[in-house]
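Residue strings, one per chain:
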Amino acid sequence: MAPADWSRLETSVPGIHVVGDLLAPPSPGLAHASFAEGMLVAETLAGLRSPPVDYAAVPRVTYSSPQTAAVGLTEAQARDAGHDVTVGSMPLTAVAKGMVHGWGGMVKVVAERGGRVLGVHLVGPQVSEMIAESQLIVGWDAEPADVAHHVHAHPTLSEAVGEVFLTLGGRGLHQRS
């Protein structure tokens, strides 16, 4: 079902709202998206101002081996939307913790050339635990250079995320953009 007002998730029947599995896309039908939708409706009904759900910034995770986690646009979606895209990627095995895990995997960042981060995609062990940083980056329209200034702990898998942003921000140590 598609609400008549996505900013309030209100149907065409005043006072009736819809959340969760009843919503049509762009709602992804994920538990954490449904939680955000429920908060929006509860706050709306309580008379509070609540921002609409930013579905592009809802993380998508597949709990498998290896795991996948993504937020924002894919490279193809970004190009189809007319963005001038630049992409950075790095294998997880390029950092110490990735070598320890020995499972492979990768980080891929899709950004507007000279602009904001449009999407982050991760494959590898425990990447579901790493997606929150990327959700903030995409949701706050950060640019790669903004993120490149932040230090990522060593040894962690998230170092690979930091390395990709360093490269896209023009400060790459182990790669060139």
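To keep things clear, this report deals only with the structure shown in the data block. Not measured: the values here are computed from a predicted model.

Cut-offs used in this document
Residues numbered from 1 in each chain as written. Predicted model: local features only at pLDDT ≥ 70, side-chain atom pairs only at ≥ 80, totals over all residues. Heavy atoms only, no water. Core = buried A, V, L, I, M, F, W, Y, C linked by side-chain atoms within 4.5 Å. Buried < 20%, exposed > 50% of the residue type's maximum accessible area, 1.4 Å probe, protein only. Helix = DSSP H or I, 4+ residues; strand = E, 2+ residues; numbered from the N terminus. Contact = heavy atoms within 4.5 Å. Pairing = 2+ DSSP bridges. Axes fitted to C-alpha atoms, helices over the stretch in contact; angles between N-to-C directions.

What about the nonpolar core?
Logical step 1: Judged by nonpolar contacts, the single largest core of 24 residues is most densely connected at V107, V109, V117, V120, L122 and F165.
Logical step 2: Listing elements by their share of this core, those giving two or more residues are β2 (67–72), β4 (106–112), β5 (117–124), α4 (131–139) and α6 (158–168).
Logical step 3: Not counting residues within four places of it along the chain, the set of residues in contact with V109 comprises T86, V87, G88, V117, G119, V120, V164, F165 and L168.
Logical step 4: Within the second largest apolar cluster, nine residues are counted, among which are L9, V18, L40 and V53.

A few points about the sheet that holds β4
Logical step 1: Spatial ordering of the open sheet is given by β1-β2-β5-β4-β3, a layout of five strands whose pairing is antiparallel. Lying at the two open borders of the sheet, with one neighbouring strand each, are β1 (60–62) and β3 (85–91). Mean inter-strand twist for the sheet, computed between neighbouring axes without regard to direction, equals 10°.
Logical step 2: Where β2 meets β5, six bridges bridge the pair, whose relative direction is antiparallel. Residue G72 lies in a different strand from β5, and its bridge partner there is G119.

Observations regarding the pairing of β4
Logical step 1: With seven bridges joining them, β3 and β4 adopt antiparallel strand pairing. Within β4, the residue paired with S89 across the bridge is K108.
Logical step 2: The pairing of β4 with β5 spans six bridges and is antiparallel. Paired with V109 across the strands is V120, a residue of β5.
Logical step 3: The antiparallel hairpin formed by β4 and β5 contains four residues in its connecting segment, where G114 sits at a positive phi of about 75°.

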